[in-house]
Amino acid sequence: MNVHFAEQRIDYTGEQLHSHWARKTFGIKGDCIVSFLGSCDVKPEFMVDLEDIESGSRIYSPLMLHFIIEHFGCNLDRGILMQRLLAALACEHLRDASGLPIVRSGDDLYLEKRKISVSIAAVSPVSTLIHLGINVQTKGVPVPACGLEEMGLKADVTAHHIMDAYAGEIASAEISRTCARPVR
C-alpha cells in the first residue's frame, strides 16, 4: 500500500473523493492512503452521505487533517470495515498521544460529546474510497467540536502515525491470508 503525505495545502470540497484522485494529483498508482492539511467545506453536489444531504447538514472546518484511501478490488461492505479500522487506529493514536478520553462511535471520533472527525466510505466504478477528516482548528465548525491544536498534537506527526499504522494493518492482513491452511 502506497503512503503519501502531501506537503502542500489542499482544501477539501468533496470533489477529491473520486477514483484515481491520488494518481492524477500525485502520480500514485494502486491502493494508497494519502494525507494532507486544508480546510473542509463539502459542496452539496459532492456530498455522499444521504443523511447529511437530507438534513441539509454543513460539513465544515477551517483546518483539518485529511486522509483519502483508495482500495481497488474492494466492495462497499469491506470498505466500510476498512473505514472503521482507520477510525479505530486514529482513535487509539489520539487517545494515547493526548492522554484524553477520546472515543469512537462507528466511524466518528469524539471527546466528551464534541466531534473530532468526519468520515465517509463510497464506491466508484473501479474502487472503494474512504475520507477521514480530523479537526485541527474548530472555529466556525457547525457542531460542538474539538481539534488537534486543542489536544496539543501536531498534525504532521499524527498523519504519519495513522498512515503507517493503517498500512501496517493492511500488510499484516495480507500476510495472514496466506498463513491459514484450508478446512474441509
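Provided above is the structure to which this section pertains.
These numbers come from a predicted model, not from an experiment.

A. Inspection of the environment of Glu-70 at higher detail. Within the fold, Glu-70 resides in strand E3 (residues 60-72). On the basis of relative accessibility, which here comes to 3%, the residue Glu-70 falls in the buried class. A sequence separation of 60 residues divides Glu-70 from Ile-130, and the C-alpha atoms of the two residues are 6.6 Å apart. The residues touching Glu-70, leaving out its near neighbours within four places in the chain, are Ser-19, His-20, Trp-21, Gly-30, Asp-31, Cys-32, Ser-127, Thr-128 and Leu-129.

B. Representation of the sheet that holds strand E6 (residues 114-115). Across the sheet, 3 strands lie side by side as E4-E5-E6; this open sheet has antiparallel pairing. Looking at which strands have only one partner, the edges of the open sheet turn out to be strand E4 (102-105) and E6. In this structure, strand E5 (residues 108-111) lies alongside E6, joined through 2 bridges in antiparallel fashion. Bridge pairing links Tyr-110 to Lys-115 in E6. The strands touched by helix H3 (residues 76-98) within the sheet are E4 and E5, with E4 carrying the most contacts at an inclination of about 170°.

C. How the structure looks around the pairing of strand E2 (residues 32-41). For E2, a buried count of 8 out of 10 residues is recorded, marking the element as mostly surrounded by other parts of the structure. Bridge analysis of strand E1 (residues 2-5) against E2 gives 4 bridges, and the strand direction is parallel. By the bridge assignment, Val-3 is partnered in E2 with Ile-33. Each parallel crossover has a hand, and the one from E1 via helix H1 (residues 21-26) to E2 is right-handed. Looking at chain direction, E2 and E3 are connected through 9 bridges and run antiparallel. In the strand pairing of E3, Ile-33 is matched with Ile-69.

D. Quick peek at the nonpolar core. Phe-67, Leu-86, Ile-116, Ile-134, Leu-148 and Tyr-166 are the most contacted members of the largest nonpolar core, which has 31 residues in total. Contributing elements (two or more residues each) for this core: E3, H3, E5, strand E8 (127-137), helix H4 (148-151) and helix H5 (155-177). Ignoring anything within four residues of it in the chain, the contact list for Leu-86 reads Ile-33, Phe-67, Ile-69, Ile-130, Leu-132, Ile-162 and Tyr-166. Among the nonpolar cores identified, the runner-up in size contains 20 residues, and Cys-40, Met-64, Ile-68 and Ala-122 belong to it.

E. Examining the packing of aromatic side chains more closely. Counted under the stated rule, the structure contains 2 aromatic pairs. Note on Trp-21 and Phe-26: the rings are 5.5 Å apart at their centroids and 85° apart in plane angle, and the pair reads as edge-to-face. Members of the aromatic cluster, connected to one another through ring pairs, are Trp-21, Phe-26 and Phe-36. A cation over an aromatic ring shows up here: Arg-58 above the ring of Tyr-60, its NZ or CZ 4.4 Å from the ring centre.

F. Quick look at the sheet that holds E1. An order of E1-E2-E3-E8-E7 is seen for the 5 strands of this open sheet, with the pairing classed as mixed. Edge positions in the sheet fall to E1 and strand E7 (117-123), since each of these pairs with one other strand and no more. Neighbour to neighbour, the strand axes of the sheet diverge by 25° on average, direction disregarded. Bridge count between E7 and E8: 7 bridges; the pairing is antiparallel.

Rules and cut-offs
- Residues numbered from 1 in each chain as written.
- Predicted model: local features only at pLDDT ≥ 70, side-chain atom pairs only at ≥ 80, totals over all residues.
- Heavy atoms only, no water.
- Helix = DSSP H or I, 4+ residues; strand = E, 2+ residues; numbered from the N terminus.
- Buried < 20%, exposed > 50% of the residue type's maximum accessible area, 1.4 Å probe, protein only.
- Contact = heavy atoms within 4.5 Å.
- Pairing = 2+ DSSP bridges.
- Axes fitted to C-alpha atoms, helices over the stretch in contact; angles between N-to-C directions.
- Right-handed = clockwise from strand over helix to strand, strands pointing away.
- Core = buried A, V, L, I, M, F, W, Y, C linked by side-chain atoms within 4.5 Å.
- Phe/Tyr/Trp six-rings, centres within 6.5 Å; stacked < 30°, edge-to-face > 60°.
- Lys NZ or Arg CZ within 6 Å of the ring centre and 35° of its normal.

Note that all results are geometric; they support no functional claim without further evidence.
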